[in-house]
Amino acid sequence: MTDLRQRMTEDRHLRDSAKALVKADIAHLKSELAAKGIGERAMDRVKGGAADVYDEAVEVAGNNKGVLAALVSAILIWFARNPILSSLGFSDEPDDEDDHYDEPRERRSFFGRLWNERK
């Protein structure tokens, strides 16, 4: 019986010390939250994450300058594709034909009639 009583006493001491640790953690957390709110903490984390992403992007760009130049060139060519294609004669825009060929002249828009009258 004494062995069981001794084990129970040891378990109680373990429980009490664990409870004291939890209370100390809660008190520490409360003091930190009082010093800096949750919103500020979230913003700090977002800023830190953004800084990490920026640092990684700078490192990757430094290691792959050729790929980065090709990507920028491809983007510029994509945005300039219509003038480039039309200068080469591959324009997909329709000629200056009447777009409203099946509508009566009265139903055409003012600017459409004005444009067609100027021709």
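Everything that follows concerns the structure shown earlier in this document.
Attention here is on the structure that accompanies the text. None of the values given here were measured: they were computed from a predicted structure.

1. A few points about the overall build of the protein
Right, on to step 1. Helix and strand counts for the protein come out as 5 helices and 0 strands.
Right, on to step 2. Each helix and strand of the protein, placed in order from N terminus to C terminus, yields the pattern α-α-α-α-α.
Right, on to step 3. A buried classification covers 3% of the 119 residues belonging to the protein.
Right, on to step 4. Summing over all exposed atoms, the protein offers an accessible surface of approximately 11100 Å²; the carbon and sulfur share of this is 61%.

2. Remarks on the pattern of salt bridges
Right, on to step 1. A full pass over the atoms with the stated rule returns 2 salt bridges.
Right, on to step 2. Residues Glu32 and Arg41 are paired through a salt bridge, measuring 3.5 Å at the closest nitrogen-oxygen approach.
Right, on to step 3. Glu32 gets classed as partly exposed once you look at its relative accessible area, which sits at 31%.

3. Brief notes about the packing of aromatic side chains
Right, on to step 1. If you walk through the whole model with that rule in mind, you get 0 aromatic pairs.
Right, on to step 2. We note Arg81 situated over the ring of Trp78; from NZ or CZ to the ring centre the distance is 4.0 Å.

4. Some remarks on a negative patch on the surface
Right, on to step 1. A contiguous patch of negative charge on the surface is contributed by Asp52, Asp55, Glu56 and Glu59.
Right, on to step 2. Position of Glu59 relative to the elements: it lies in helix 2 (residues 38–63).
Right, on to step 3. The partly exposed category is assigned to Glu59, whose relative accessible area is 48%.

5. A short note on a nonpolar patch on the surface
Right, on to step 1. A cluster of nonpolar side chains, contributed by Leu68, Leu71, Val72, Ile75, Leu76, Trp78 and Phe79, occupies part of the molecular surface with about 750 Å² of accessible area.
Right, on to step 2. Mapping Leu76 onto the fold places it in helix 3 (residues 65–79).

The rules behind these values
Residues numbered from 1 in each chain as written. Predicted model: local features only at pLDDT ≥ 70, side-chain atom pairs only at ≥ 80, totals over all residues. Heavy atoms only, no water. Helix = DSSP H or I, 4+ residues; strand = E, 2+ residues; numbered from the N terminus. Buried < 20%, exposed > 50% of the residue type's maximum accessible area, 1.4 Å probe, protein only. Areas by Shrake-Rupley, 256 points an atom, 1.4 Å probe, with all protein chains shown as cover. Salt bridge = Lys/Arg side-chain N within 4 Å of Asp/Glu carboxyl O. Phe/Tyr/Trp six-rings, centres within 6.5 Å; stacked < 30°, edge-to-face > 60°. Lys NZ or Arg CZ within 6 Å of the ring centre and 35° of its normal. Patch = residues over 30% accessible without salt bridge, like charges linked within 9 Å, V, L, I, M, F, W, Y side chains within 5 Å. Lys, Arg positive; Asp, Glu negative; His and termini not counted. Charge placed at Lys NZ, Arg CZ, Asp CG, Glu CD.

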